[in-house]
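Here's the letter readout for the chains.
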Amino acid sequence: MELTLSHLCRRYRDKTAVADFSATLTPGVWGLLGANGAGKTTLMKMIAGILEPSGGQILFNGKPAEKLGEAYRKVFGWLPQDFGFPPEFTVREYLIYVAVLKGLDREQTVARIRELLDEVSLTEVANRKIAKLSGGMRRRVGIAQALLNDPEILILDEPTAGLDPGERVRFRNLLSELAQDRIVLISTHIVSDVEYIATRHLLMKDGRLMASGTAQELTELVCGKVWTCRQKPEQVPALENRLQIIGLHNEEDGSVTVRYLASAPAVSGSCPAAARLEDVYLWLFPESAGCGKRRRFS
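Just to check I follow, could you spell out helix α10 (residues 277–284) for this structure?
Each turn of an α-helix holds 3.6 residues, which means side chains three or four residues apart point in the same direction. The buried count for α10 comes to 6 of 8 residues, which makes it a mostly enclosed element. Leu277, Asp279, Val280, Tyr281, Leu282 and Leu284 are the residues of α10 that are buried.

What follows is the structure, encoded as structure tokens:
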């Protein structure tokens, strides 16, 4: 099974949202990482058939998605960043409604909804109106509707928004189980959501694919660029103004361990540190770390 994105482009009158994006996705979890505005949602909407590419092509098992038509939609599951729902519907009513739209028969619908309500921990609120649910619970309803037709391709745009830490762990575990025989593409700017479950990662910036590979392959991009040093607290503000600091840790002796990104050690006494996927993200997207700006937290 393959989903091929071949030189995809999406242009608007005064902006190119996606530019010459190419990748071949195979079964497993794929993380689509990028800062807000990188073009992730536009790319996903093209894959879902909601937006027409300005150029390029989407192929499923070697066949153009637009020619497959209904056959492509039947193997597709989609959770947009903001999914709509009729406010008067209960959770169960909404899932039945979506099941009808997806062409599931009555027997399939009953069994599948029962299974999904349990998997996403919504059984106890199945008969409550979605409008009365918390943001996290609504997100779980969206996840359930995306899984109704047991899709071969599952596209999730910021799926953990609004979920508490426990819910996020359960959701990641669920995706790991689901991805054994399907393609799962998760868009997020939260690296920890996909770092350990994604088979491979796609890093996107300004509409372009900047890098792709496993977490181990990608961390090699910042090998020799991650450093730590011990500083007195009063020395830290000056460093924040000139370095790309990605972590501060207060030590018991009153000093502060500073973790930063640089092509070479920039502070006396710096030691190399093991790279993580988050370091790659911040190296490619330095604005996410507030590089060169002193950050204050309350």
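Looking at this model, I keep getting lost on the pairing of strand β1 (residues 3–11). Mind explaining?
Two faces make up the sheet, and in a regular strand the side chains alternate between them. By the bridge criterion, 5 bridges tie β1 to strand β4 (residues 55–60) in an arrangement that is antiparallel. Counterpart to Ser6 in the pairing with β4 is Gln57. When β1 meets strand β2 (residues 16–25), the two strands line up antiparallel, connected through 6 bridges. Within β2, the position partnered with Arg11 by the bridge is Thr16. Hairpin geometry of β1 and β2 is characterised by an intervening segment of 4 residues between the two adjacent antiparallel strands.

Got a minute to help me understand the sheet that holds strand β14 (residues 271–272) in this structure?
Within a beta sheet, neighbouring strands are joined by backbone hydrogen bonds and run either parallel or antiparallel to one another. Pairing in this open sheet of 4 strands is antiparallel, and the strands run β12-β13-β11-β14 from one edge to the other. At either margin of the open sheet sits one strand with a lone partner, and together these are β12 (244–250) and β14.

Please explain the confidence of the model for the chain as it appears in this structure.
Close inspection of predicted coordinates is inappropriate in any region flagged by low pLDDT. Of the residues in the chain, 96% reach a pLDDT of 70 or more, and the chain-wide mean stands at 89. When the criterion is pLDDT under 50, residues 292–298 qualifies, and its contacts beyond four places in sequence or with other chains add up to 12 contacts.

Looking at this structure, I do not really get the packing of helix α4 (residues 91–101) against helix α5 (residues 106–119). What am I missing?
Think of two packed helices as two axes; the pair is described by the angle between the axes and how far apart they sit. One can describe the packing of α4 onto α5 by two numbers: an axis separation of 10 Å at closest approach and a directional angle of 130 degrees. With respect to their mutual orientation, α4 and α5 come out oblique. Read as a crossing pair, α4 and α5 show a hand that is right-handed. When α4 is examined against α5, the residues Val91, Arg92, Leu95, Ile96 and Ala99 are found in contact with a partner set consisting of Thr109, Ile113 and Leu117. Of the residues contributing to the contact of α4 with α5, the split by class is 6 nonpolar, 1 polar and 1 charged.

Even after reading the chapter, I still don't get the packing of α4 against helix α6 (residues 135–147), so can you show me in this structure?
Two elements in contact, α4 and α6, have axes separated by 10 Å at closest approach and are oriented at 30 degrees. The orientation of α4 with respect to α6, classified from their angle, is roughly parallel. Crossing of α4 over α6 shows right-handed handedness. The segment α4 lies against α6, with Val91, Tyr94, Leu95 and Val98 engaging Val141, Ala144 and Gln145.

Honestly, the packing of aromatic side chains in this entry has me stumped. Any pointers?
Counted according to the given criterion, the structure contains 5 aromatic pairs. Members of the aromatic cluster, connected to one another through ring pairs, are Phe60, Tyr72 and Phe76.

Just to check I follow, could you spell out the environment of Ile155 for this structure?
On the secondary structure map, Ile155 appears in strand β7 (residues 153–157). Linking Ile155 and Trp30, residues 125 residues apart in sequence, is a C-alpha distance of 9.6 Å. In this structure Ile155 touches Met44, Ile47, Phe76, Gly77, Trp78, Leu79 and Leu185, once residues within four positions along its chain are discounted.

Explain unusual backbone geometry to me, please; I cannot follow it from the model alone.
A negative phi holds for most residues other than glycine; trans holds for most peptide bonds. Despite not being glycine, His7 shows a phi value in the positive range, around 55 degrees. Turning to its location among the elements, His7 is positioned in strand β1. Given a relative accessible area of 46%, His7 falls into the partly exposed group. Here Asn61, not a glycine, exhibits a phi torsion of approximately 55 degrees, which is positive.

Basis of the calculations
Residues numbered from 1 in each chain as written. Predicted model: local features only at pLDDT ≥ 70, side-chain atom pairs only at ≥ 80, totals over all residues. Heavy atoms only, no water. Buried < 20%, exposed > 50% of the residue type's maximum accessible area, 1.4 Å probe, protein only. Helix = DSSP H or I, 4+ residues; strand = E, 2+ residues; numbered from the N terminus. Pairing = 2+ DSSP bridges. pLDDT = per-residue confidence, 0-100. Contact = heavy atoms within 4.5 Å. Axes fitted to C-alpha atoms, helices over the stretch in contact; angles between N-to-C directions. Parallel < 35°, antiparallel > 145°, perpendicular 65-115°, else oblique. Left-handed = near helix turned anticlockwise from the far one by under 90°. Nonpolar A, V, L, I, M, F, W, Y, C, P; charged D, E, K, R; others polar. Phe/Tyr/Trp six-rings, centres within 6.5 Å; stacked < 30°, edge-to-face > 60°.

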